[in-house]
Amino acid sequence: FLETAAYFCMKPKMGEKEVSPHSFFSIWHEFSSDFKDFWKKENKLILQERVKEAEEVCRQKKGKSLYNIRPKHDSGIVSKNCSYA
């Protein structure tokens, strides 16, 4: 614990000889909760951007037809019978 506190340059409070776990983890808890909140917000923004991109791709694909519609040819039995009338 003391090595970790020294790594983060924690200094003991006034009147204390060493950094107490309570003082270290109270600061760490604030940091981690803030980080979690920002992480959730950032992930939400990224998700919204990806949804918009996917919707745009979907709109572009719907605009282009993936198949061609050819006109119907009059080559069936009905067309031959109708031409005699």
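If you're wondering where the values come from, they're calculated on a predicted model, not measured in any experiment.

K.L.:
I tried to follow the overall build of the protein chain on my own but got confused; where do I start?
P.N.:
Scanning the protein chain for helices and strands turns up 3 helices and 0 strands. Element order for the protein chain, N to C, with α for helix and β for strand: α-α-α. Out of the 85 residues in the protein chain, the part that is buried amounts to 5%. Looking at the protein chain as shown, the accessible area adds up to about 8,800 Å², and 60% of this sits on carbon and sulfur atoms.

K.L.:
Just to check I follow, could you spell out the packing of aromatic side chains for this structure?
P.N.:
For any pair of aromatic rings, the description consists of the separation of the ring centres together with the inter-plane angle of the planes. The full count for this structure, using the stated rule, is 10 aromatic pairs. Where F8 meets W28, the ring centres are 5.7 Å apart and the plane angle is 55 degrees; that geometry is what we call tilted. With F8 in the loop between helix 1 (2–7) and helix 2 (21–63) and W28 in helix 2, this pair connects stretches of sequence that are 20 residues apart. The exposure class of W28 is partly exposed, given its relative accessible area of 37%.

K.L.:
Even after reading the chapter, I still don't get the pattern of salt bridges, so can you show me in this structure?
P.N.:
Between side chains of opposite charge, a pair can form when the charged atoms approach closely. Summed over the entire model, instances satisfying the criterion amount to 2 salt bridges. The shortest N-O distance in the salt bridge between R59 and E55 comes to 4.0 Å. Highlighted residues: R59 and E55, both in helix 2, separated by 4 residues, approximately one helical turn. In this structure, the salt-bridge partner of E56 is R59, at a minimum N-O distance of 2.9 Å. Within this pair, E56 and its partner R59 are both found in helix 2, separated by 3 residues, close to a single helical turn. A relative accessible area of 37% means that E56 is categorised as partly exposed. One connected set of salt bridges, linked through shared partners, spans E55, E56 and R59.

Thresholds, definitions, all that
- Residues numbered from 1 in each chain as written.
- Predicted model: local features only at pLDDT ≥ 70, side-chain atom pairs only at ≥ 80, totals over all residues.
- Heavy atoms only, no water.
- Helix = DSSP H or I, 4+ residues; strand = E, 2+ residues; numbered from the N terminus.
- Buried < 20%, exposed > 50% of the residue type's maximum accessible area, 1.4 Å probe, protein only.
- Areas by Shrake-Rupley, 256 points an atom, 1.4 Å probe, with all protein chains shown as cover.
- Phe/Tyr/Trp six-rings, centres within 6.5 Å; stacked < 30°, edge-to-face > 60°.
- Salt bridge = Lys/Arg side-chain N within 4 Å of Asp/Glu carboxyl O.

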